[in-house]
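Listed below, chain by chain, are the residues.
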There are 2 protein chains.
Amino acid sequence: MKSSENRSGCPISSSLDIFGDRWSLLIVRDLMLYKTRTYGDFTKSEEKIATNILANRLQILEDKGIISKLPYPDNKVKGLYKLSPKGIELIPALIEIALWGDKNLSKPDVRSPYLKEVKKNKSKFLKNVMEKLSADDEVNVD
Amino acid sequence: MKSSENRSGCPISSSLDIFGDRWSLLIVRDLMLYKTRTYGDFTKSEEKIATNILANRLQILEDKGIISKLPYPDNKVKGLYKLSPKGIELIPALIEIALWGDKNLSKPDVRSPYLKEVKKNKSKFLKNVMEKLSADDEVNVD
DNA sequence: ATTTTTTACTTGCTTATTGAAAGTAATATT
DNA sequence: AATATTACTTTCAATAAGCAAGTAAAAAAT
């Protein structure tokens with residue numbers, strides 16, 4: 001378990017107390033890009049998170065109000081994770097991190113076309129994504 | 001030592017491979033707020049980083065080109081750390097994290113007035129700070 | 001000139017966290 | 001009824017964090 005005590009009153013430090021690790025923001029990323037995901041979906045991501053860590057991080061993010069777990073329609077085993085409003089508000093930070101990495105790390109991302117959109121018009125992309133995620137109050141499974 | 005291999009080509013993931021921990025961005029924060037700092041200054045920060053971790057993170061951040069270490073004027077023991085251009089470009093992400101924490105974590109920051117400025121006019125603050133840090137090519141010690 | 005202090009680390013050790021693999025229990029599918 | 005999914009949990013070795021103490025060079029004080 002990750003300890004949840006704050007090292008200081010600094011909002012950066014307190015934020016890092018929650019998601020300052022190598023995995024938490026990747027979960028948020030997946031929920032941003034794919035809207036909703038099941039536990040199994042997360043394990044299929046490129047970075048191959050171990051299942052114990054995934055379970056731990058999902059729990060912490062849920063406890064902190066960043067994601068919420070919904071029942072999967074017509075299935076009692078599956079769950080559906082989505083970003084809560086708090087989690088949606090993390091997207092600006094995530095985008096800045098993505099832009100920094102894209103510019104400074106020279107690892108071409110083959111993941112998805114989202115970066116191209118971001119670079120073309122950041123505030124438009126941000127608005128679109130955040131609206132889309134916020135509007136999604138009923139569950140859709142494709 | 002932290003391993004420096006990339007888990008994937010995703011720029012978010014690759015960024016977190018570098019600074020996805022509880023300490024690295026606090027070092028960047030201190031350099032953003034105080035412009036330059038010595039090793040000892042970092043140990044005096046509120047969060048009380050252990051010296052072995054501090055030395056390790058400074059080394060990693062220097063290796064990755066995010067900070068640079070300069071000689072302290074008229075002193076052969078001290079060093080002076082400052083943000084490199086790559087590090088300065090991390091400030092937008094840092095600001096978004098600060099804003100998120102400030103809004104969602106309800107821990108009042110008593111650190112400094114920078115958050116008030118950010119909230120009043122984000123892009124102005126950003127421009128000011130980044131310019132101030134970029135302009136500082138000769139070393140000033142107060 | 002010698003002692004003391006400051007500064008920037010390094011080392012050793014204990015505890016906590018990570019990561020890989022396997023296991024489990026409930027439901028779903030065939 | 002048998003097999004397969006799904007979402008975890010458990011185990012355990014490896015790595016990293018965190019604390020305290022130690023060190024070496026230079027600076028400041030006496």
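The structure we're discussing is the one just above.
Here is a short report on the structure shown in this document. The structure displayed is predicted, hence computed values, not measured ones.

**A word on the relation of the copies chain B and chain A**
Copy one and copy two of the chain differ by a rotation about a common axis and a shift along it. Here chain B sits on chain A after a turn of 180 degrees about the axis and a move of 0.0 Å along it, with an RMSD of 0.0 Å. The relationship between the two copies is best expressed as a two-fold rotation axis. Judged by C-alpha distance, B:Asp21 is the residue of chain B that lies nearest the rotation axis, at 2.2 Å.

**A closer look at the pattern of salt bridges**
Two side chains of opposite charge can pair, provided their charged atoms sit close to one another. Taken as a whole and judged by the stated rule, the model has 22 salt bridges over all chains. Between A:Glu89 and B:Lys103 there is a salt bridge, with the nearest N and O atoms lying 2.9 Å from each other. One end of the pair, A:Glu89, is in the loop between α5 (85–88) and α6 (91–104); the other, B:Lys103, is in helix α6 (residues 91–104), on a second chain. The salt bridge involving B:Glu47 is made with B:Arg29; its shortest N-O contact spans 2.8 Å. Linking B:Glu47 in the loop between α3 (39–43) and α4 (51–63) with B:Arg29 in helix α2 (residues 24–34), this pair joins segments that are 18 residues apart in sequence.

**Points about the protein's contact with DNA strand C**
Near DNA strand C lie 23 residues; those nearest to it are A:Trp23, A:Arg57, A:Lys76, B:Gly40 and B:Tyr81. Each atom of DNA strand C within 4 Å of the protein was assigned to sugar, phosphate or base; sugar and phosphate come to 70%. A:Trp23 places a polar side-chain atom, nitrogen or oxygen, 2.6 Å from a phosphate oxygen of DNA strand C. A distance of 2.7 Å separates a phosphate oxygen of DNA strand C from a polar atom in the backbone of A:Lys76. Of all elements in the fold, only α4 (51–63) of chain A together with α3, α4 and β3 (75–83) of chain B reach the threshold of two or more residues within the surface near DNA strand C. Broken down by class, the residue content of the surface near DNA strand C amounts to eight nonpolar, nine polar and six charged.

**Observations regarding the protein's contact with DNA strand D**
Taken together, 23 residues surround DNA strand D, and among them A:Gly40, A:Thr51, A:Tyr81, B:Trp23 and B:Arg57 come closest. Considering the 4 Å shell around the protein, atoms of DNA strand D inside it are sugar or phosphate in 70% of instances. The side chain of B:Trp23 places a nitrogen or oxygen atom 2.7 Å from a phosphate oxygen of DNA strand D. Broken down by secondary-structure element, the contributors of at least two residues to the surface near DNA strand D are α3 (39–43), α4 and β3 (79–83) of chain A together with α4 and β3 of chain B. Per-class residue counts for the surface near DNA strand D are eight nonpolar, nine polar and six charged.

**Comments concerning the pairing of strand β2 (residues 67–72) of chain B**
Residues and elements named next belong to chain B. As defined by bridge partners, β2 adjoins β3 across six bridges and the pair is classed as antiparallel. What sits directly across from Lys69, in β3, is Tyr81. With antiparallel pairing between neighbouring strands as the criterion, β2 and β3 make up a hairpin whose turn holds two residues, including Asp74 at a positive phi of roughly 60 degrees.

**Examining α6(B)**
Quick reminder: α-helices carry 3.6 residues per turn. Residues three or four places apart thus point the same way. All names here are of chain B. End to end, α6 covers 20 Å across 14 residues, agreeing with the expected 20 Å (1.5 Å per residue, within 8%). Counting buried positions over the 14 residues of α6 gives twelve, a clear majority of the element. Those residues of α6 that fall on the buried side of the exposure criterion are Ile91, Pro92, Ala93, Leu94, Ile95, Glu96, Ile97, Ala98, Leu99, Trp100, Gly101 and Asn104.

**Examining the interface of chain B and chain A**
Opposite the 45 residues of chain B that make contact, chain A presents 45 residues. One can count four salt bridges joining chain B with chain A. Summed over the shared surface of chain B and chain A, the result is eight residue pairs in polar contact (both at pLDDT 80 or more). Tallying contributions element by element places α6(B) first for the side of chain B that touches chain A, with eleven residues. By residue class, the composition of the side of chain B that touches chain A is 21 nonpolar, nine polar and 15 charged.

**Structural notes on the packing of aromatic side chains**
Working definition: an aromatic ring pair is given by the centre-to-centre distance plus the angle between the planes. The full count for this structure, using the stated rule, is six aromatic pairs over all chains. On the numbers, 5.5 Å between centres and 65 degrees between planes, the contact of A:Phe19 with B:Trp100 is edge-to-face. Here A:Phe19 is found in helix α1 (residues 11–19), whereas its partner B:Trp100 is found in helix α6 on a different chain. What makes A:Phe19 buried here is its relative accessible area of 3%.

**Things to note about the side chain of A:Asn104**
Considering the arrangement of structural elements, one finds A:Asn104 in helix α6. Discounting chain neighbours no more than four positions away, the residues touching A:Asn104 are B:Lys86 and B:Glu89.

What counts as what
- Residues numbered from 1 in each chain as written.
- Chains lettered and ligands numbered in written order.
- Predicted model: local features only at pLDDT ≥ 70, side-chain atom pairs only at ≥ 80, totals over all residues.
- Heavy atoms only, no water.
- Least-squares fit on C-alpha atoms with pLDDT ≥ 70 in both.
- Salt bridge = Lys/Arg side-chain N within 4 Å of Asp/Glu carboxyl O.
- Helix = DSSP H or I, 4+ residues; strand = E, 2+ residues; numbered from the N terminus.
- Near = heavy atom within 4 Å.
- Polar contact = N/O pair within 3.5 Å; in protein donor to acceptor, adjacent residues only side chain to side chain.
- Nonpolar A, V, L, I, M, F, W, Y, C, P; charged D, E, K, R; others polar.
- Pairing = 2+ DSSP bridges.
- Expected span 1.5 Å × (residues − 1).
- Buried < 20%, exposed > 50% of the residue type's maximum accessible area, 1.4 Å probe, protein only.
- Contact = heavy atoms within 4.5 Å.
- Phe/Tyr/Trp six-rings, centres within 6.5 Å; stacked < 30°, edge-to-face > 60°.

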